[in-house]
Amino acid sequence: QVQLVESGGGLVQAGDSLRLSCAASGRTFSSYNMGWFRQGPGKEREFVAAITRRNGNTYYGDSVKGRFTISRDNAKNTVYLQMNSLKPEDTAVYYCAADRYIVVPTAQSNYNYWGQGTQVTVSS
């Protein structure tokens, strides 16, 4: 099992940047595929980004491509989400997710471990 704790959220203005972190417990972090999802007010939770455990392949949702970057530091048991050029529509609770066996990295149903979420609010 793995426990996930997100941090780095906050209130920023449109055009600003934020970096979210997700710290994972345990000594097998490198064996987990990691993902970021978000849920905006009145919206369903949606895929943001994912990074695989073996090759470090990355995947992004269409709305964040070119603005967000996912990365991982296995030595620190941490996955990051660098968010640039933030827009008001990026306002959401951002969740970190993990699982060892992923068929579709963009599908939240593939992830069994979730953090509690961190709030990101982007003002216009």
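Residues numbered from 1 in each chain as written. Predicted model: local features only at pLDDT ≥ 70, side-chain atom pairs only at ≥ 80, totals over all residues. Heavy atoms only, no water.

Draft legend 1. Expanded view of the pattern of salt bridges. For the coordinates displayed, the defined rule picks out four salt bridges. Across the pair D90 and R38 runs a salt bridge, and its minimum N-O distance is 2.9 Å. With D90 in the loop between β8 (78–83) and β9 (92–99) and R38 in strand β4 (residues 33–39), this pair connects stretches of sequence that are 52 residues apart. Of the charged contacts, one joins D62 and K65 as a salt bridge, the two residues approaching to 3.3 Å between their closest N and O atoms. Look at D62 and you get exposed, because its relative accessible area is 65%. (Salt bridge = Lys/Arg side-chain N within 4 Å of Asp/Glu carboxyl O. Helix = DSSP H or I, 4+ residues; strand = E, 2+ residues; numbered from the N terminus. Buried < 20%, exposed > 50% of the residue type's maximum accessible area, 1.4 Å probe, protein only.)

Draft legend 2. Looking closely at the environment of S63. Checked against the element boundaries, S63 lands in the loop between β6 (58–60) and β7 (68–73). Residue classification places S63 among the partly exposed residues on the basis of a relative accessible area of 39%. Residues S63 and P88 lie 25 residues apart in sequence; the distance between their C-alpha atoms is 12 Å. Excluding residues that lie within four positions of it along the chain, S63 makes contacts with R38 and E46. (Contact = heavy atoms within 4.5 Å.)

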